[in-house]
Amino acid sequence: NLGKLTSFNVENYNTQTFGDRSALTEIVLPETLTSIGANSIRDYPNLTSIGSGVFSNITSIGYNSFYNIPNVTQAVSFPALTSVVSTSASGQHLTLSKCGFTEFHAPLLDLANIEVYQTGYGVLSFCPNLHTIEIGELTIVPLGFARDCVKLETVSNFSKVTLVKYMAFYNTPLMTIDLVLPV
């Protein structure tokens, strides 16, 4: 029973590291971690914590990372994050989707730089506790971006948005988004 992982000596956390996903309740990732690979923290039904939630050195996140971890109800911050792979060549979608995060902060991330093979669908969709999203100089809001985030109240850094794709904020309580469109 892994219960709580407190030491993990790797530079990159990658696909399906842990076999019995139901046993894990907490993952504490090392400060030296620079990337999180595809399918890495995915489908952990009893996971309730991913450490402090501050991932200072992570610059990239693979598709289906932090996917379907509904009991992790904490704010997360990725101050160095610049790259998100949203879909795979096989057509899988949803990177940080179906998670319990309450806040998502990535001040350097521009979703125009999202690595997509198809649509980039639902990067932060279906997160029922998410109420705040802060993303860097956002220029394009992808298809289904925060769809069904039923508590979403705040999305910041929209001053450079030029395109909001279909269903980006479908079924959210967002009432107003202030956009400054180019003339």
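Residues numbered from 1 in each chain as written. Predicted model: local features only at pLDDT ≥ 70, side-chain atom pairs only at ≥ 80, totals over all residues. Heavy atoms only, no water.

J.: Before we go on, may I ask you to explain the packing of aromatic side chains in this structure?
T.: A full pass over the atoms with the stated rule returns six aromatic pairs. Taking the centre distance of 5.1 Å and the plane angle of 25 degrees together, the rings of Phe55 and Phe78 count as stacked. Of the two residues, Phe55 sits in the loop between β4 (35–36) and β5 (60–61) while Phe78 sits in the loop between β6 (75–77) and β7 (83–84), which places them 23 residues apart along the sequence. You can call Phe55 buried: its relative accessible area is 6%. (Phe/Tyr/Trp six-rings, centres within 6.5 Å; stacked < 30°, edge-to-face > 60°. Helix = DSSP H or I, 4+ residues; strand = E, 2+ residues; numbered from the N terminus. Buried < 20%, exposed > 50% of the residue type's maximum accessible area, 1.4 Å probe, protein only.)

J.: What's the story with the pairing of strand β8 (residues 103–106) in this structure? I'm lost.
T.: Taken residue by residue, a regular strand's side chains alternate between the two faces of the sheet. Across three bridges, the pairing between β6 and β8 is parallel. Across the sheet, the residue bridging to Ala75 is Glu103, located in β8. When β8 meets strand β9 (residues 132–135), the two strands line up parallel, connected through four bridges. Among the inter-strand pairings, His105 is bridged to a residue of β9, identified as Glu134. (Pairing = 2+ DSSP bridges.)

J.: Would you explain the sheet that holds β6 in this entry?
T.: Sheet strands line up and pair through hydrogen bonds in the backbone, either parallel or antiparallel. As summarised here, the arrangement of the four strands in space is β6-β8-β9-β11, forming an open sheet in which the pairing is parallel. Both edges of this open sheet fall to β6 and β11 (154–156), since each of them pairs with a single strand only. Taken over all neighbouring pairs, the strand axes of this sheet differ in orientation by 5 degrees on average, direction set aside. As paired elements, β9 and β11 share three bridges and run parallel to each other. (Axes fitted to C-alpha atoms, helices over the stretch in contact; angles between N-to-C directions.)

J.: Quick question: what am I supposed to make of the state of the cysteines here?
T.: Counted under the stated rule, the structure contains zero disulfides. Of all cysteine sulfurs, the one in Cys127 lies closest to Cys99, which takes part in no disulfide; the gap is 3.0 Å. (Disulfide = S-S within 2.5 Å.)

J.: Just checking my understanding: could you explain the side chain of Ser65 for this structure?
T.: Considering the arrangement of structural elements, one finds Ser65 in the loop between β5 and β6. Each residue touching Ser65, except ones within four places of it in the same chain, is listed here: Ile36, Gly37, Ala38, Asn39, Ser40, Ile41, Thr95 and Leu96. (Contact = heavy atoms within 4.5 Å.)

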